[in-house]
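# Commentary on secondary and tertiary structure
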Amino acid sequence: MVVTCLGEVMLELRPADSSSQLSLGVGGDTFNTAVMLSRENVSTGYLTALGKDRFSDQILDRAHAEGVGTAGVQFDSDALPGLYLIQNDASGEREFFYWRDHSPSRRLFDSDEKLKVCIEYCCKSEWLYLSGITVAVMAQQQKRRFLEFLKALKNTGVSIAFDPNYRPRLWDSVEDAKLWHATLMGYSDLVLPTLVDEQALWGADSAKSVIEHCQAAGVTTVVVKCPNAQAVAWNGNESVECGTRYRGLVVDTTGAGDAFNAGFLAAHLAGQCLAECLQRAHEVASRVLAVRGALP
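Here goes a summary of the coordinates provided.

Cut-offs applied
Residues numbered from 1 in each chain as written. Predicted model: local features only at pLDDT ≥ 70, side-chain atom pairs only at ≥ 80, totals over all residues. Heavy atoms only, no water. Pairing = 2+ DSSP bridges. Helix = DSSP H or I, 4+ residues; strand = E, 2+ residues; numbered from the N terminus. Contact = heavy atoms within 4.5 Å. Axes fitted to C-alpha atoms, helices over the stretch in contact; angles between N-to-C directions. Core = buried A, V, L, I, M, F, W, Y, C linked by side-chain atoms within 4.5 Å. Buried < 20%, exposed > 50% of the residue type's maximum accessible area, 1.4 Å probe, protein only. Phe/Tyr/Trp six-rings, centres within 6.5 Å; stacked < 30°, edge-to-face > 60°. Lys NZ or Arg CZ within 6 Å of the ring centre and 35° of its normal. Parallel < 35°, antiparallel > 145°, perpendicular 65-115°, else oblique. Left-handed = near helix turned anticlockwise from the far one by under 90°. Arc of directions from axis to C-beta.

This part covers the sheet that holds strand S1 (residues 3-6). Here we have 8 strands laid out as an open sheet, ordered S4-S1-S9-S10-S11-S12-S13-S14, and mixed in their pairing. Two strands close off the open sheet at either side, each with one partner strand: strand S4 (44-47) and strand S14 (239-243). As paired elements, strand S9 (residues 127-131) and strand S10 (residues 159-163) share 5 bridges and run parallel to each other. Its bridge partner lying in S10, Tyr-129 is registered against Ala-161. Relative to S4, helix H1 (residues 29-39) is tilted by about 165 degrees, and along the sheet it contacts S1, S4 and S9.

Here is the structure:
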């Protein structure tokens, strides 16, 4: 695999078009990125934990259909996958409601044996992609092993891409979120934050301040997703700003940021310049805006 994405994949309930009914799908921030990377012809695997039930089978079927590798998936026969419901306002902006407290992915690092399996699987990749949500839903007692996991990957030369994706309700406190975001940035080569999230977490007032914050942590490439579908990228040599060219209907923004990240990383892996990476990121993100759910 070129990229392994790590995190939680869940069942998704979304409004069905032109009705009051709900449709069942699959989604989750890092899983969405994994699917979009695979669609961009990047060899991608997914590392998570699932149950042994028909809903977990449905998730695996979707991964296989999208060409996402699942050899690293671990299984817990006593747990069911998490669930989230999407509601959209008239502009397509989304709000989520979650049922995930007993998701098997929360116990991915709860034993030394599982840690070993995760390291062996991910060390075969060139990149690891993860988000702040990955850590936020992780039990506190597992985080020591998680750090061992990150150290092992860095020691074998795996690069790390990190989307902070700050969700206040998932963290015990703002201080805990700040600590872990800073820790993860210290391991990361590419960070893809969202300006409004960084404003909420530590009071960032501009894309420039977010870039400087990441730069101080040793990050070499930063991509800040800004309001009004703008983005700013920096790699130590230059800074580029680019907005979307999409002017079509916006039905649901779910997964747009995840798709953006996939587009940027795919172009980055192909050796494209910052401007080309941003253009591709916007183009990939635009594919999910006119449909409901995270994955069209």
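Turning to the nonpolar core, a few remarks are in order. Residues Val-3, Phe-31, Leu-37, Leu-190, Val-223, Phe-264 and Leu-278 are the most contacted members of the largest nonpolar core, which totals 50 residues. Ranked by residues supplied to this core, first place goes to helix H9 (residues 256-269) with 8 residues.

The next thing to look at is the packing of aromatic side chains. Going through the model one piece at a time under the given rule, you end up with 7 aromatic pairs. Over the ring of Tyr-98 we find Arg-100; its NZ or CZ atom is 4.4 Å from the centre of that ring.

Alignment of strand S7 (residues 83-88) against strand S8 (residues 94-99), held across 6 bridges, turns out to be antiparallel. From the neighbouring strand, Asn-88 faces S8, where its bridge partner is Arg-94. Turn length for the S7-S8 hairpin, with the two strands adjacent in sequence and antiparallel, is 5 residues, and the turn residue Gly-92 shows positive phi of about 95 degrees.

The subject of this paragraph is the packing of H1 against H9. The geometry of H1 relative to H9 is characterised by a closest axis approach of 8 Å and an angle of 45 degrees between their N-to-C directions. Taken together, H1 and H9 sit at an angle that is classed as oblique. Handedness of the crossing formed by H1 with H9: right-handed. The residues of H9 that touch H1, namely those facing Asp-29, Asn-32, Thr-33, Met-36 and Leu-37, are Asp-258, Ala-259, Asn-261, Ala-262, Leu-265 and Ala-266.

Now for helix H7 (residues 195-202). Listed in full, the buried residues belonging to H7 are Leu-195, Asp-197, Glu-198 and Leu-201. Viewed along the axis of H7, the buried residues span an arc of 155 degrees, placing them on a single side of the element. Among the structural elements, helix H6 (174-187), helix H8 (207-216) and strand S12 (221-226) are those in contact with the buried residues of H7. Directly after H7, the chain includes Gly-203, whose backbone phi takes a positive value near 80 degrees.

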